[in-house]
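# Fold and geometry: a report
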Amino acid sequence: MTSGQPKNVGSSSGSPGMGAYSYYDGYVFHSTRDIQAAEEIFCDYGEEWLDGRDFGQSVAREEEYKMAADIVLEIRKGLEEPLQQVCKGGDGHESDAQVQQQQLDRVLASIQSVVQYFNGRIDKLLPDSLASLQALDDALDSQAVATHLAFHTVRKRTVEWIKSHGQCLDNLVPQVSTLPHAGRGAFAQRFIGKGQVIVPAPLLQIMDFESLNIYEFALDEEGRPYLVEAEETEAAVDDDDDDDDTEMEQEHSIMGQQLLVNYCMSHEETSMYLCPQSNAILLNHCSTRKSYGGDCERYNQALDVNARGANAELRWAIDWDPDTREWLNFTMDEMKEQVKNGKRGLSLEVVATRDIHPGDEVFLDYGKGWEEDWEEHVENFVPPNSRVSHDGEYVPIKELNNDLENNIRTIEELQNNPYPDNANLACFYWPAEEEEVVDDKSAIIDKKGSGRDWQTDGSMYHEKHPDYETYGLLWKCHVVEKIPSREDGSIHYTVEIYSTDGMTVWAANEKQRILTNYPLKSMQFVPSKYSSDQHLLGAFRSYIRIPDELFPNQWRDV
């Protein structure tokens, strides 16, 4: 699994879309072995992920698979002679062979029952019949048996079952949107006919929209943070008296909302956000009310009025998500109780409203209210480098990376010409085995290798390393020296890497990690903490409007 923030996606300082969308690629999953059609795909979350979940208490751990495999090998050894007789047909009589098989089935069931007293997870892995034991004949050693037992716990599906019951997740691919100020968009990678489901959208339910507010804070005299109170406001109070029914309310000062709001759906009469958990979040806005350029403009110029505007719409996924039909009848209180107990049960699906061709950008109509919010934002937008939005100089990360070579400075140059306050230089890097990354500094001080010279050739470091995701893509760094090449005039860099991910041997022993011949392509600027575009004051925030006819009346609590 790999992830990262690309250099070529972002907004320039004059774009009203600054901070309105995520600049991160998300995750790309790589197969670790051949995967067969209809095979379920798994990632290793770590066994501690199971420890904190109720259902995880019954799931066997790696060590228990190994123990089960050893038991199976002992069973084979102890039952070797009876097994051979059964395979040969007993003493020549079919009835004798059946009796022996039944006896072996009872023996295996008894072993399983005994093991259950000692470990309730291992017993479920053991063969409970002669047939299931013989299915392990090709597994010759403990590791092979353990692997077979693990695969046996997974329910197998056929390609036909997947086609009949599954939902396609790869109709859409992410690319830079054809719309200005929009970041990425969703593009069809195959023909999708009118009325077909483009992508399913299971929903995360956020039951209180105020939970995504960002509040202003300040530091007291001792440096401790506290929430800033908003100015007093008058609130009406109905107390059945003839006096002035008002009282003074005081609330915390709201600075803005989290970026997640822009990826969620809601209705103007509810306090709930519904946030898609699939690549449905890539879909941008288009309508016939106003064109914003790109493919939306192209669609709106069509002679056929049915080919204009958004080419997709939402509907509730009552066909493939059995919980959605039930949850659509819940009251808000009933839904809050379900969510409080860790449940989710609503799903939407995105459906094509007309034929969509490969390469077309796919759009939803976000609603008139969203358009009004955007138009107001554009009208009032002030670029951050001409307003007070950060302490100190601000330059968009995209602009720094677009002219990387001229913007990179040595440590000496930084003394007179520092980087903008919102930017740090980062380098692709992965520690070698002898560098050991741990959390406890004392565990590796004075360890072997601490006295070595930590200056090596850095030309090998680039972003295409198979294991770099283990330690994180980018490490904070500084350029120590720029060395022009005598041959072609290109510049080679000497950089210092800073230990920002755990603790390394060289950092624990206060050694410098210096890399020579480091490539320019493996450096990039990244936002400093809490200073990316999404943290800009006044960055655009507005949720996607769910059409009125789709939204149940009992959810309208505002």
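The rules we used
Note on numbering: residues in each chain are counted from 1, in written sequence order. The predicted origin of the model limits local features to residues at a pLDDT of at least 70 and limits the giving and counting of side-chain atom pairs to 80 or more, whereas totals for whole chains, interfaces and linings rest on all residues. Just so you know, side-chain values use all the structure's heavy atoms and leave hydrogens and water out. Helix and strand assignments follow DSSP, with helices taken as H or I runs no shorter than four residues and strands as E runs no shorter than two, numbered in order from the N terminus. The buried label goes to any residue with under 20% of its type's maximum accessible area, the exposed label to any with over 50%, and the partly exposed label to all in between, with areas taken from a 1.4 Å probe on protein chains only. The criterion used for residue contact is that any of the two residues' heavy atoms lie within 4.5 Å. Computed with the Shrake-Rupley method and a 1.4 Å probe, the accessible areas treat only the protein chains shown as cover for residues. Pairs were defined over the aromatic rings of Phe, Tyr and Trp, the Trp ring being its six-membered one, requiring ring centres within 6.5 Å. Orientation was assigned from the angle between planes: stacked under 30 degrees, edge-to-face over 60, tilted for the rest. Only buried Ala, Val, Leu, Ile, Met, Phe, Trp, Tyr and Cys residues count toward a nonpolar core, and they belong to the same one when joined by side-chain atoms within 4.5 Å. Note on disulfides: each one is a pair of cysteine sulfur atoms within 2.5 Å. Criterion for a salt bridge: a side-chain nitrogen of Lys or Arg within 4 Å of a carboxyl oxygen of Asp or Glu. Here a polar contact is taken to be a pair of N or O atoms separated by no more than 3.5 Å, where protein atoms must pair a possible hydrogen donor with a possible acceptor and residues adjacent in sequence count only if both atoms sit in side chains. Working convention: axes come from line fits to C-alpha atoms, limited for helices to the stretch in contact. Angles between N-to-C directions cover 0 to 180 degrees. For this classification, under 35 degrees means roughly parallel, over 145 means roughly antiparallel, 65 to 115 means roughly perpendicular, and everything else is oblique. Whether a crossing is left-handed or right-handed is set by the direction in which the near helix is turned from the far one by less than a right angle, anticlockwise for left-handed and clockwise for right-handed. Residues were grouped as follows: Ala, Val, Leu, Ile, Met, Phe, Trp, Tyr, Cys and Pro as nonpolar; Asp, Glu, Lys and Arg as charged; and all remaining residues, including Gly, as polar. A patch consists of residues whose relative accessible area exceeds 30% and which take part in no salt bridge; residues with like charges are grouped when within 9 Å of each other, and nonpolar side chains (Val, Leu, Ile, Met, Phe, Trp, Tyr) when within 5 Å. This arc is built from the directions going out from the helix axis to the C-beta atoms. Scored from 0 to 100, pLDDT records how confident the predictor is in each individual residue. By definition, two strands form a pair when at least two bridges between them are found by DSSP.

### Concerning the overall build of the protein
A count of helical and extended segments in the protein gives 15 helices and 24 strands. Taking all 558 residues of the protein together, the buried fraction comes to 40%. The long-range fraction of contacts in the protein, counting pairs at least 24 apart against all pairs at least 6 apart in sequence, stands at 72%. Split by element, the accessible area of the protein, about 32,600 Å² in all, is 48% carbon and sulfur.

### What to know about the packing of aromatic side chains
Applying the stated criterion across every chain, the model contains 14 aromatic pairs. Where Tyr273 meets Tyr543, the ring centres are 5.8 Å apart and the plane angle is 55 degrees; that geometry is what we call tilted. Of the two residues, Tyr273 is situated in strand β13 (residues 273-276) and Tyr543 in the loop between β23 (523-527) and β24 (544-545); the sequence distance between them amounts to 270 residues. The pair Tyr273 / Tyr543 is uniform in exposure class, with both members buried.

### Some thoughts on the nonpolar core
Counting 43 residues, the largest nonpolar core has Ile198, Trp316, Leu346, Val350 and Trp555 as the members making the most contacts within it. Elements with a contribution of two residues or more to this core: β4 (184-188), β5 (197-206), β15 (312-316), α10 (332-340), β16 (347-352), β17 (361-364) and α11 (368-380). Sort the elements by how many residues they give to this core and β5 lands first, with four residues. Look past the residues within four positions of Val350 in its chain and what remains in contact with it is Gln196, Val197, Ile198, Val199, Ala280, Leu283, Ala312, Glu313, Leu314 and Leu364. Counting 28 residues, the second largest nonpolar core, distinct from the first, contains Ala423, Trp430, Trp506 and Met523.

### Comments concerning the state of the cysteines
Following the criterion strictly, the structure yields three disulfides and no others. Paired through a disulfide, Cys264 and Cys275 show a sulfur-sulfur distance of 1.9 Å. Note on the Cys264 and Cys275 pair: the S-S dihedral is about 100 degrees, so by sign convention the disulfide is right-handed. Residue Cys264 is found in the loop between β11 (254-257) and β12 (265-266), and its partner Cys275 is found in strand β13; the two are separated by eleven residues along the sequence. Per residue, the accessibility class of Cys264 equals that of Cys275, and both read buried. The side chain of Cys427 participates in a disulfide bridge whose partner is Cys477; the two sulfur atoms lie 2.1 Å from each other. Taking the torsion about the S-S bond as the criterion, the Cys427 to Cys477 disulfide, at about 75 degrees, is right-handed. Of this pair, Cys427 sits in strand β18 (residues 423-428) while Cys477 sits in strand β20 (residues 474-484), and the two are 50 residues apart along the sequence. Using a relative accessible area of 0% as the deciding quantity, one classes Cys427 as buried. Along the protein, the cysteines engaged in disulfide bonds are linked according to the scheme 1-2, 3-4, 5-6 when indexed in sequence order.

### Some words on the pattern of salt bridges
Counted under the stated rule, the structure contains 19 salt bridges. Measuring nitrogen to oxygen at the nearest pair gives 3.5 Å for the salt bridge that ties Asp360 to Arg298. In this pair, Asp360 is assigned in the loop between β16 and β17 and Arg298 in helix α8 (residues 294-300), connecting sequence segments 62 residues apart. We classify Asp360 as buried; its relative accessible area is 13%. Across the pair Arg545 and Asp373 runs a salt bridge, and its minimum N-O distance is 3.0 Å. Remark: Asp373 occurs in helix α11 and Arg545 occurs in strand β24; sequence separation between them is 172 residues. We classify Arg545 as buried; its relative accessible area is 13%. Several salt bridges share partner residues, and in doing so they unite Asp220, Glu222 and Arg224 into one network.

### Considerations on unusual backbone geometry
One non-glycine residue, His181, adopts positive backbone phi at about 70 degrees. Its place among the elements puts His181 in the loop between β3 (172-176) and β4. By relative accessible area, His181 is classed as partly exposed at 37%. Despite not being glycine, Tyr530 shows a phi value in the positive range, around 60 degrees.

### Quick word on the side chain of Glu496
Relative to the elements of secondary structure, Glu496 occurs in strand β21 (residues 491-497). Looking at Glu496, its side chain comes within polar contact range of the side chain of Tyr498, at 3.5 Å. Among the polar contacts made by the side chain of Glu496, one reaches the side chain of Gln512 at a distance of 3.3 Å.

### Focus: the packing of helix α2 (residues 62-78) against helix α6 (residues 142-152)
Between two packed helices, what matters for the description is the angle formed by their axes and the separation of those axes. Close contact between α2 and α6 brings their axes to 8 Å; oriented N to C, the two are set at 110 degrees. In terms of orientation, α2 lies roughly perpendicular with respect to α6. Note on packing geometry: the crossing formed by α2 with α6 is right-handed. Two secondary-structure elements touch here, α2 through Tyr65, Lys66, Ala68, Ala69, Asp70, Val72, Leu73 and Arg76 and α6 through Ser142, Val145, Ala146, Leu149 and Ala150. Across the contact of α2 with α6, the residue classes break down as nine nonpolar, one polar and three charged.

### A closer look at a nonpolar patch on the surface
On the surface, Tyr45, Trp49 and Phe55 cluster together into a nonpolar patch covering about 340 Å² of accessible area. With respect to the element layout, Phe55 can be found in the loop between α1 (48-51) and α2.

### A closer look at α6
Within α6, the full set of buried residues consists of Val145, Ala146 and Leu149. What you see down the axis of α6 is that its buried residues fit within an arc of 100 degrees, all on one side.

### Re the confidence of the model for the protein
Reading predicted coordinates in detail is not appropriate for stretches of low pLDDT. Across the protein, the average pLDDT comes to 84, with 83% of residues at or above 70. A low-confidence stretch, residues 386-391 (pLDDT under 50), is modelled with nine contacts involving residues beyond four sequence positions or located in other chains. This stretch, residues 444-448, has a pLDDT under 50; its non-local contacts, to residues over four places away or in other chains, come to eleven contacts.

### A word on the sheet that holds strand β14 (residues 284-285)
If you trace the four strands from one edge of the open sheet to the other, you get β3-β4-β17-β14, paired in mixed fashion. Each edge of the open sheet is held by one strand with a lone partner, namely β3 and β14. As paired strands, β4 and β17 are joined by two bridges and run antiparallel to one another. Residue Ala186 lies in a different strand from β17, and its bridge partner there is Val362.

### Looking at the sheet that holds strand β22 (residues 513-518)
Backbone-to-backbone hydrogen bonds join strands into a sheet, with any given pair of strands oriented parallel or antiparallel. As summarised here, the arrangement of the six strands in space is β19-β22-β21-β20-β18-β23, forming an open sheet in which the pairing is mixed. With partners counted over all chains shown, the strands left at the sheet margins are β19 (455-457) and β23, one partner each. Put simply, the sheet's adjacent strands are angled 40 degrees from each other on average, direction ignored. Here five bridges tie β18 to β23, and the two strands are oriented antiparallel to one another. Residue pairing in the sheet places Asn424 in a bridge with Val526 of β23.

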